[in-house]
Amino acid sequence: MNILSVAAEIYPLVKTGGLADVTGSLPKALKSYGIQTHSIVPGYPGVMEALGETSPIARYDSLFGEPATIVAGQAAGLDLFVLDAPGFFNRPGGPYTDGHGHDFPDNWKRFAAFAFAASQIAHGLIPNWRPDIIHAHDWHSALSLVYLKFSSRPAIPRILTVHNLAFQGQFAAHHFSELGLPDEAYSIDGVEYYGDIGYLKGGLQAADVITVVSPTYAREIMTPAFGMGLEGLMNARHDDIVGIVNGIDMEVWDPSTDPHIDHHYSARTPMRRLLNRCALLDLVGLPNTSGPVFASVNRLTWQKGMDLLAGTADEIVAGGGKLIVLGQGEPDIEHAFMEVARRFPQSVAVKIGYDEPLAHRIHAGADAMLVPSRFEPCGLTQLYALRYGCVPIVARTGGLSETIIDANEAALHAHAATGIQFSPGDASGLRHALRRAFKLFRRHRVWERLRRQGMKTDCSWHRSAATYAELYEEVLATDIRLAG
Ligand SMILES: Nc1ncnc2c1ncn2[C@@H]1O[C@H](COP(=O)(O)OP(=O)(O)O[C@H]2O[C@H](CO)[C@@H](O)[C@H](O)[C@H]2O)[C@@H](O)[C@H]1O
């Protein structure tokens, strides 16, 4: 079976968050089910550099006003189609924002061009290769499904995975005439969204099946608190929504081989892990004392509850713990963390920025990973923490509530607990969780068991890849195409 995966990020070529981890690792996991995935990604500089030999497949003199070529190639074990459109993708900054963190003003056009190119491949643009299913991820690629839905040419099944409903790709209505869609696409069944254009909204209407990244999030998005204005649509499409928890790449995140860490270890060699703890404290300039080392590797945003963490850091310091934070995001929250580090230089270290090797070292050295998200569709950092023996402390929401088993006495007694969950997801809930963590940390043998149990947890794609494979079989076998 051939899948065309459409995504704006793919690890290790271009990553700003969890989307890349999933689109980079799922294709590998699906191979053992006889599923071949080709991924189309935008030709950002990092992607173009990573490509080896390429062959051009299609050329456009003007794709939404820019010359463009679709090339096929391979990188990092991934089969790729790349939209090489320098006018859109070869520019300084990130995939979506300039060097100052502002959205590029032509994002509507960049990702329409990208989505259009993907829809052409789905239509059979490439000689001798045709996908059986198109699988788009998030708003950047959602419009590909809309182009297909409103095309008169024969259709293939369309799947959309939503990694985070908070990012919707909403643009001014006056761009509609430039998208190359028929008039009827500006409707409630198409891209019209509260008088604007909604790329994600259009994709949700055009998809035959919608997947989200955990069953709990699938339930949550039916409600106004989590639906981000799309709860009505989500309720209407209730029967077509499936929640599938993410897996992780067990090779990229493997403490016994990780090239980023100083001392390789496994669940059976906890003393070697301690060496990474010393190395980490040394690296971030904190003294090596006996209290627990808490950490967070995260976008510094409201969604991730990072303002709550900055506001409760004093609890960690007062208890004799340390806090290490790696992240970047909202300026207020960055500032709040810098301020905390300034107040407690012996106990708190903050690195503002994006640093993949340091992320690995933190997972390998810290005692506990804090994930106080206000909402979390699935979450990956708690899974990496489990794998690295860093006890996750998570808010009870979305995928966090499904992937971590709380260390209540019954779960501890049954040797099932893998971390700490807290609710409500506010400052009082987080403070309470920190106090629980301090108490558990003092019970050395109990903490050690908790850590080991986490390391035994299967966070691989094993189960979830099977679920995607079944879903693909199902959409091919059944004519469940409700979207026309
Ligand atoms: N400063 C930094 N330096 C280095 N690495 C950093 C970093 N900040 C974050 N990361 C890394 O970025 C990734 C973040 O992934 P998450 O799944 O935790 O959240 P994200 O909100 O990006 O993903 C969305 O999509 C994913 C995938 O479906 C869902 O799990 C999630 O709930 C949803 O919000 C992790 O690999 C983490 O280690």
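- If you look the protein chain up in an unreviewed UniProt entry, it shows as Glycogen synthase from Sinorhizobium numidicum.
- Per its UniProt entry, the protein chain bears the Pathway (unreviewed entry) comment "Glycan biosynthesis; glycogen biosynthesis."

1. Remarks on helix H17 (residues 427-442)
- If you check H17, its first and last C-alpha atoms are 23 Å apart, about what 16 residues at 1.5 Å a residue would give, namely 22 Å.
- Listed as buried for H17 are Gly429, Leu430, Ala433, Leu434, Ala437, Phe438, Leu440 and Phe441.

2. So, the sheet that holds strand S14 (residues 322-329)
- A sheet is described by the order of its strands in space; here 6 strands give the open sequence S15-S14-S13-S16-S17-S18, paired in parallel fashion. In this open sheet, the two edge strands, each paired with only one partner strand, are strand S15 (348-352) and strand S18 (420-422). Here the strands of the sheet are splayed against their neighbours by 15° on average, with no regard to which way each runs.
- Of the strands in this sheet, strand S13 (293-300), strand S16 (368-371), strand S17 (391-395) and S18 touch H17, which is tilted by about 160° from S18.

3. Details of the site of the ligand
- With respect to spatial proximity, 29 residues lie near the ligand, and among them Asp21, His163, Arg299, Glu376 and Gly379 are the closest.
- The side chain of His163 places a nitrogen or oxygen atom 2.6 Å from an oxygen atom of the ligand.
- Within the complex, 96% of the 710 Å² of free accessible area of the ligand lies under protein.
- If you list the elements that add at least two residues to the shell around the ligand, you get helix H1 (18-30), S13, S14, helix H13 (356-365) and helix H14 (381-387).
- Here the shell around the ligand takes 4 residues from H1, the largest share from any one element.
- Residues that form the shell around the ligand fall into these classes: 11 nonpolar, 11 polar and 7 charged.
- Among the domains, domain 1 (2-247 + 462-483) and domain 2 (270-456) are the pair contributing at least three residues each to the shell around the ligand.

4. Concerning the packing of helix H11 (residues 306-318) against helix H12 (residues 331-343)
- For the pair H11 and H12, interaxial distance at closest approach is 9 Å and the crossing angle is 20°. If you check the angle between H11 and H12, you find them roughly parallel. Viewed along their axes, H11 and H12 form a crossing whose handedness is left-handed. Of the residues in H12, those in contact with Met306, Asp307, Leu309, Ala310 and Ala313 of H11 are Ile333, Ala336, Phe337 and Val340.
- Taken together, the residues of the contact of H11 with H12 sort by class into 8 nonpolar, no polar and 1 charged.

5. Details of the pairing of strand S4 (residues 66-75)
- Most of S4 sits inside the fold, with 7 of its 10 residues counted as buried.
- Alignment of strand S3 (residues 55-63) against S4, held across 6 bridges, turns out to be antiparallel. The residue bridging Arg59 from the neighbouring strand is Thr69, located in S4.
- Connecting the antiparallel pair S3 and S4 is a turn made up of 2 residues, with Phe64 showing a positive phi of about 50°.
- Summarising the sheet, S4 and strand S5 (residues 78-84) pair through 7 bridges and their orientation is antiparallel. From the neighbouring strand, Ala72 faces S5, where its bridge partner is Phe81.
- Hairpin remark: S4 followed by S5, antiparallel, with 2 residues in the connecting loop; positive phi at Ala76, about 50°.

Thresholds, definitions, all that
- Residues numbered from 1 in each chain as written.
- Predicted model: local features only at pLDDT ≥ 70, side-chain atom pairs only at ≥ 80, totals over all residues.
- Heavy atoms only, no water.
- UniProt positions renumbered as here; feature names shortened; annotations may be inferred.
- Helix = DSSP H or I, 4+ residues; strand = E, 2+ residues; numbered from the N terminus.
- Expected span 1.5 Å × (residues − 1).
- Buried < 20%, exposed > 50% of the residue type's maximum accessible area, 1.4 Å probe, protein only.
- Pairing = 2+ DSSP bridges.
- Axes fitted to C-alpha atoms, helices over the stretch in contact; angles between N-to-C directions.
- Contact = heavy atoms within 4.5 Å.
- Near = heavy atom within 4 Å.
- Polar contact = N/O pair within 3.5 Å; in protein donor to acceptor, adjacent residues only side chain to side chain.
- Areas by Shrake-Rupley, 256 points an atom, 1.4 Å probe, with all protein chains shown as cover.
- Nonpolar A, V, L, I, M, F, W, Y, C, P; charged D, E, K, R; others polar.
- Domains from an automatic or database assignment.
- Parallel < 35°, antiparallel > 145°, perpendicular 65-115°, else oblique.
- Left-handed = near helix turned anticlockwise from the far one by under 90°.

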